[in-house]
Amino acid sequence: MAASCLPCTWLPAFELDHALEPLLLLSSNRRMKLISPSSCNNSNITRFAIRKRRQSHANQAAAYSASDGKTTAVSAKSEKVAPEVKRRVVVTGLGAVTPLGDDAHLFYTKLLEGVSGISQIEGFDCSELPTRIAGEIKTLLTDGLVPPKHAKRADNYLIYALIAGKKALADAGITEQVSGELNKNRCGVLIGTAMGSMRALKDGIDAIKISYKKMSPFSVPYSMTSMASAIIAMDLEWMGPNYAISSACATSNCCILTAANHIIKGDADLMLCGGSDGVIIPEGIAGFIACNNLSRRNSDPTKASRPWDSDRDGFVMGEGAGVILLEELEHAKRRGAEIYAEFMGGSFTCDAYHKSESRLDGFGAVACVESSGLGAVACMEKALTNSGVSREDVNYINAHATSTRVGDPREFKAVMHCFGQNPELRMNSTKSMTGHLLGAAGAVEAIATVKAIQTGWIHPNINLENPDKDVDTRVLVGPKKERLDIKVAMSNSFGFGGHNSSILFAVHK
C-alpha cells in the first residue's frame, strides 16, 4: 500500500470506513493497516485502521460535532420518514403560431378538418429555386403582444415565440392580477430554437462587408438562441430557470421535458416551454435544398407533405412556435386552473451515427436493437421507464414523420417494435398539414397531442393515398378524424445530429 497521507482531519471509525473503503482492497476480516506511524508526516496521526464492517450501519453510528471537536454517540434507530411524494406536472396553457393560425384551439380544429397550411412562398422571390412552397405564416397580428421595439427589429423566430408565450399565459388564465400574485422566483421560461436568427446573422455579415461601423448593436443579442426565453422573462419579470436548448428538430421536446424536471425537482412551480423557428428566407430554403431534403411538388402544394405515402419526395419547410405552460399540480389546483392533461415524462437519446440520417440498427433491425438499445427504440423505451408508464397503455403516437423517403419507414418500424402488440394503437403526423416547423415542431405537435387527449379526437393523416409497403395501415389514422379514448399519448421528435426525443401525456386523474 502506498504511504500517501490522507488529510489529517480526524474521522470517527464509521465515517472512515465509508471514506476509505473504495481505496482499499480489504481482507476477509475487514482489517487492514492503512498508514504506519513512520509513513505519516503529521505527528497528530499515529495510525488509521479500518474496523470490522458492522452487520448493519443502522444499529451503530457516531456523529462528529464540529463545534467542540468531540464525538457524540447517537441512536441509530431513526424515525420512519414518509416517502417523498413526487411533484406532478400538468398542462394548463397552450399557445401556438402556425401556418394554420395563431390560436392553439383553432389550430387543432383545422387539423381535425384536414386543412393544409402549405402554399406558395410569398415572402421573397423564389422563382429560381427548385422548391417554392412552404408552410409559411402569411399574416400575424403583434399588437399588444410584441413590444414595438422588438416588432421592428427582431427576427421572426423571436416574434413567434413572444406571441405563442403570451397566448399560452392568457389561455392558462394568467392575467396581470394573477401574475402579480405569483412567486416570480419560481416561474421560469425554457423556449428553444433549432436555427435561431439566420436573418440577424445575414444582416450582420452584409454590414461588415461595408464597414464594422455598419453593424447593428442588435445583431449579437438577436442572434442568441436564448433571447426568446430572456425577453419573455423580462416582460413577465419571471426570475426562475431561464435558458434555451437547441437540439435540431428535437429542440421543443427537450425543452418541455427539461422544464418539467425543473418543476419535479422543486426549482419552479410554473414553466413556459417549447420552441420556435422562422427560416423561410432565401438562405434557409436554399440551405435545405442543398441537403436534398425538401419536396419539389410546387404545382400542388397542399399535396406535398405526405408522410408514409409511397409518392413522398421530401419534407416541406414550415415556421412558427409552440409554447405550453407546465404547472405543478397542487399549484394549478390552488388557483383553479383548467388542466388539459398531465405530463408523464420522457427521454432523449442520441444515435451517434450521422449528421442527418437515423441509425439503421436503431430503427427496426430487431436483433441489433435488442442487443444494443440504440436510436429511437431506446428513446421510446427509456421514456416508458422514466415515466413509469406501461407500453400497453400507450395507444396514441403523434409521430415525427416528416415525409422523407428514409425517415418515415424507420420511425414506423421503431414504433411497432415498441408498441406493435397493442391492438388499439393509432398513429398520425401533424406535419402532413403544417409542414416541418424544425425546432418548433415538437411543441406544436405536443399541443396537438394534448388537444387530442382533451377532445377525444385524433386528426387525420392527409395525403396518405398510396401507403408505403413498409407500413401497416391498420395502425395509421386515415383521411378523416377518428374518435379515440386515449390512455397515454406519446409525441416523438427526431433531429439532425441523431437527436431523439419522446414525451408522454395522459388524462389527468
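Keep in mind it's a predicted model, so treat the numbers as computed, not measured.

K.L.:
Let's hear about the overall build of the chain: which residues, and what values?
P.N.:
Secondary structure summary: the chain contains 16 helices and 16 strands in total. Taken over 509 residues, the chain has a buried fraction of 51%. Total accessible area computed for the chain in this model is approximately 23,300 Å², and 52% of it derives from carbon and sulfur atoms.

K.L.:
Give me the environment of A304: which residues, what numbers.
P.N.:
For A304, the location among the structural elements is in the loop between helix 10 (282-290) and strand 9 (320-328). Given a relative accessible area of 0%, A304 falls into the buried group. The spacing of A304 and G314 is 10 residues in sequence and 8.2 Å in space, taken between C-alpha atoms. Not counting residues up to four positions away in its chain, the partners in contact with A304 are I133, S295, R297, D313, G314, V316, S403 and N463.

K.L.:
How would you sum up the packing of helix 2 (residues 104-113) against helix 16 (residues 441-455)? Please name residues and give values.
P.N.:
Closest axis-to-axis distance for the helix 2/helix 16 pair is 10 Å, and the angle between their directions is 80°. The orientation of helix 2 with respect to helix 16, classified from their angle, is roughly perpendicular. Contacts between helix 2 and helix 16 involve A104, H105, F107, Y108 and L111 on the former and, on the latter, V444, I447, A448, K451, A452 and T455. Split into classes, the residues belonging to the contact of helix 2 with helix 16 amount to 8 nonpolar, 2 polar and 1 charged.

K.L.:
Kindly report on the packing of aromatic side chains, identifying the contributing residues and their values.
P.N.:
A full pass over the atoms with the stated rule returns 4 aromatic pairs. Relative to F315, the ring of F288 lies with its centre 5.7 Å away and its plane at 75°, an arrangement referred to as edge-to-face. One end of the pair, F288, is in helix 10; the other, F315, is in the loop between helix 10 and strand 9, with 27 residues separating them in the sequence. Across this residue pair, the class does not change: F288 and F315 are buried.

K.L.:
Break down the packing of helix 4 (residues 156-171) against helix 8 (residues 227-236) for me, with residues and values.
P.N.:
It is the contact of helix 4 with helix 8, at a shortest axis distance of 9 Å, that shows an interaxial angle of 45°. Of the possible angle classes, the one that applies to helix 4 and helix 8 is oblique. As helix 4 packs across helix 8, the resulting crossing turns out to be right-handed. Along the contact surface, helix 4 presents Y157, L158, A161, L162, K166 and L169, while helix 8 presents M227, A228, I231, I232, D235 and L236. Residue classes in the contact of helix 4 with helix 8 are distributed as 10 nonpolar, no polar and 2 charged.

So, how was this worked out
Along each chain, residue indices are assigned from 1 in the same order as the chain's sequence is written. In keeping with the model being predicted, local features are shown solely for residues with a pLDDT of at least 70 and side-chain atom pairs are shown and tallied solely at 80 or more, while totals for entire chains, interfaces and linings include all residues. Excluded from the side-chain calculations are hydrogens and water; all other atoms, namely the structure's heavy atoms, are used. Helix and strand assignments follow DSSP, with helices taken as H or I runs no shorter than four residues and strands as E runs no shorter than two, numbered in order from the N terminus. Throughout, exposure labels follow a simple rule: accessible area from a 1.4 Å probe, protein chains only, divided by the maximum for the residue type, with under 20% read as buried, over 50% as exposed, and the rest as partly exposed. In short, Shrake-Rupley with a 1.4 Å probe defines the accessible areas, and a residue's cover is counted only from the protein chains shown. Note on contacts: a residue pair is in contact if any heavy atoms of the two residues lie within 4.5 Å. Lines are fitted to the C-alpha atoms to define the axes, a helix being fitted only along its stretch in contact, and any angle between axes, read from their N-to-C directions, falls within 0 to 180 degrees. Working rule for angles: under 35 degrees goes down as roughly parallel, over 145 as roughly antiparallel, 65 to 115 as roughly perpendicular, anything else as oblique. Throughout, the ten residues Ala, Val, Leu, Ile, Met, Phe, Trp, Tyr, Cys and Pro are labelled nonpolar, Asp, Glu, Lys and Arg are labelled charged, and all others, Gly among them, are labelled polar. Pairing of aromatic rings covers Phe, Tyr and the six-membered ring of Trp, with a centre-to-centre limit of 6.5 Å; geometry is then stacked below 30 degrees between planes, edge-to-face above 60, and tilted otherwise. By definition, turning the near helix anticlockwise from the far helix through less than a right angle yields a left-handed crossing, and turning it clockwise yields a right-handed one.

Don't take any of this as a statement about function, it's just geometry.
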